[in-house]
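Commentary on secondary and tertiary structure
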Amino acid sequence: MAEHERQHVRVAVIGSGFGGLGAAVRLRREGITDFVVLERADSVGGTWRDNTYPGCACDVPSYLYSFSFAPNPAWPRSFSGQPHIRAYMEHVTDTFGLRPHLRFNSEVQQLRWDAERLHWEVTTSAGDYTADVVVSATGPLADPRVPEVPGLDSFPGRVFHSARWDHDYDLRGKRVAVIGTGASAIQIVPGIQPEVGRLTLFQRTPPWVLPRFDRPVSAAERWLHTRLPATAALRRGVLWGIRELQVSNFTRHPERMRVVEKLALSHLHKAVKDPVLRARLTPGYRLGCKRILLSSDYYPALARPNVDLVASELAEVRGSTLVAADGTEAEADAIVFGTGFRVTDMPIAQRVTGAGGRTLAEAWKGGMAALRGTSAAGFPNFLTVIGPNTALGNSSMILIIESQLNYLADFMRQLDTLGGKAALDARPSAVNAWNRHVQRRMERTVWNTGCRSWYLDAHGRNTTVWPGTTAEFRKVTRRVNLAEYQVLRPPRAPRRAVPATAAEAAR
């Protein structure tokens, strides 16, 4: 498309999950209204729009899993379900006047940096833009990962991922195979177990599971939090503080996790009486190395007579027969993949072409790395919300998002202070120094104690988790340090020689 046919905006935000909506609110609070939020779906919500499987809920307490600038005193439960979280996000959208900025059904197909004009060319499925700044808030839990299983194409039944639940397919009385034992699977299993004819769970590695102390929030609590907002803020602060105190167990003293392991094993022993099944469900790695899961009904569901646990990963499909790596076979009418997402190889990275003509995927071929989890070298005026090494193992990602929004706000202020047409490109030396610092800290953490998890990339490096407290992260993202960036200006046009005489000018 010709340049004049592209709409120009100051900022293009990609995605309308918590990161994208938060960025939009922060931009408006900074007085910036010339922006669009590009969303490939037809509504806001991100992962909380996409995941609608039975039992879908958050494992972070409700009063901590919300924006600090948009408290919700009326959460119905201490751990909220997907419908309530999505409703909250719609409420935020309306409360802060974000609807005019939203562009639904606009999937970003390509982002290309124009070094001459110092802006991004943004190509979407519903129109093209140019933008001075791009904020990528697609999130790591956006694109499902389905393993390549030999023979899967020959399966005669229904196949779908947990994040793309097929609500038109009736599971009642069916033989259903669930692949994986992550955060989604342990909610799906008890959610569908009572209605299916037979449920077979393929488990590559048993997770550590702690009880989920969920309960309804009483009317009195909701009334108190509505009338006295300080009480809700106090509740949030206590929840935050408890988790901050736990961080050292994850980052510096993994051996302390043995105490929590005893609690998890006690939870297992109370729910599962069969010693053979219990042995299959007992993890052989340090608690916290993989994501700790919360559930009070997962183990009881596995102990039901219509459930089989295959302690091996799915290796092959032969018609309607599923074959595990250990040779175990099971018949199925439907396969549900609870196999997670493309976290360390996000598809958006393949669509972003930076200043040197390289895609972000090529730049991250050896492992994701971004200055303060936000800026990648060679990609000027491009900021990632929930970027490399910003995920958490024990607290709310909303805290990380709000810290990165502080960084975004100061980034925009710095551009304004520079004046004229300008761009900021993270210096490779700054990105490398930051990444070395993070990886050094990572060496002592529980996530690097030897298990196989989605935190690790193809090279075995943890490029996903932040090895510190949320307070530390907020501190290091409070301000943009211009020394860590190259300031780019438009290239100067070559000066034309001035003719010495009128005769020369006429030639």
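These numbers were taken from a predicted model, which means no experiment stands behind them.

**Looking at the packing of helix α5 (residues 219-227) against helix α6 (residues 229-251)**
Helix-helix packing is characterised by the crossing angle of the two axes and by the distance between the axes. Direction vectors running N to C along α5 and α6 enclose 110 degrees, while the axes themselves pass 4 Å from each other. Comparing their axes, α6 and α5 come out roughly perpendicular. Where α5 approaches α6, its residues Glu221, Leu224, His225, Thr226 and Arg227 are matched on the opposing element by Pro229, Thr231, Ala232 and Arg235. Split by residue class, the contact of α5 with α6 holds three nonpolar, three polar and three charged.

**Topic: the sheet that holds strand β15 (residues 329-331)**
Reading across from one edge, β13-β14-β15 is the order of the three strands in this open sheet, with antiparallel pairing throughout. Of all strands in the sheet, those bounded by a partner on one side alone are β13 (314-318) and β15. Looking at each pair of strands side by side, their axes are set apart by 25 degrees on average, direction ignored.

**Notes on the state of the cysteines**
Covalent bonding between the sulfur atoms of two cysteines is what defines a disulfide. Within the structure shown, the criterion is met by one disulfide. At a sulfur-sulfur separation of 2.1 Å, the disulfide partner of Cys289 is Cys451. Sign of the S-S torsion, about -100 degrees for the bond between Cys289 and Cys451, identifies this disulfide as left-handed. Within this pair, whereas Cys289 is found in the loop between α8 (275-280) and β11 (293-294), its partner Cys451 is found in the loop between α12 (428-442) and α13 (470-476), the two being separated by 162 residues in sequence. Among the residues examined, Cys289 registers a relative accessible area of 0% and is labelled buried. Residue classification places Cys451 among the buried residues on the basis of a relative accessible area of 11%. Cysteine Cys56 is unpaired, with the sulfur of Cys58 as its nearest cysteine sulfur at 8.9 Å. Here Cys58 falls in the buried class, since its relative accessible area comes to 4%.

**Regarding a nonpolar patch on the surface**
There is a patch of nonpolar side chains on the surface, built from Trp223, Leu224 and Leu228 and spanning about 300 Å² of accessible area. Examined against the element boundaries, Leu228 turns out to sit in the loop between α5 and α6. What makes Leu228 partly exposed here is its relative accessible area of 47%.

**So, the sheet that holds strand β9 (residues 198-202)**
Pairing within the open sheet is parallel, and its five strands lie in the order β7-β16-β8-β9-β12. Of all strands in the sheet, those bounded by a partner on one side alone are β7 (158-161) and β12 (307-310). For this sheet, the mean angle separating the axes of adjacent strands, direction not counted, is 15 degrees. Where β9 meets β12, four bridges bridge the pair, whose relative direction is parallel. Counterpart to Phe202 in the pairing with β12 is Val310.

Rules used throughout
- Residues numbered from 1 in each chain as written.
- Predicted model: local features only at pLDDT ≥ 70, side-chain atom pairs only at ≥ 80, totals over all residues.
- Heavy atoms only, no water.
- Axes fitted to C-alpha atoms, helices over the stretch in contact; angles between N-to-C directions.
- Helix = DSSP H or I, 4+ residues; strand = E, 2+ residues; numbered from the N terminus.
- Parallel < 35°, antiparallel > 145°, perpendicular 65-115°, else oblique.
- Contact = heavy atoms within 4.5 Å.
- Nonpolar A, V, L, I, M, F, W, Y, C, P; charged D, E, K, R; others polar.
- Pairing = 2+ DSSP bridges.
- Disulfide = S-S within 2.5 Å.
- Buried < 20%, exposed > 50% of the residue type's maximum accessible area, 1.4 Å probe, protein only.
- Patch = residues over 30% accessible without salt bridge, like charges linked within 9 Å, V, L, I, M, F, W, Y side chains within 5 Å.
- Areas by Shrake-Rupley, 256 points an atom, 1.4 Å probe, with all protein chains shown as cover.
- Salt bridge = Lys/Arg side-chain N within 4 Å of Asp/Glu carboxyl O.

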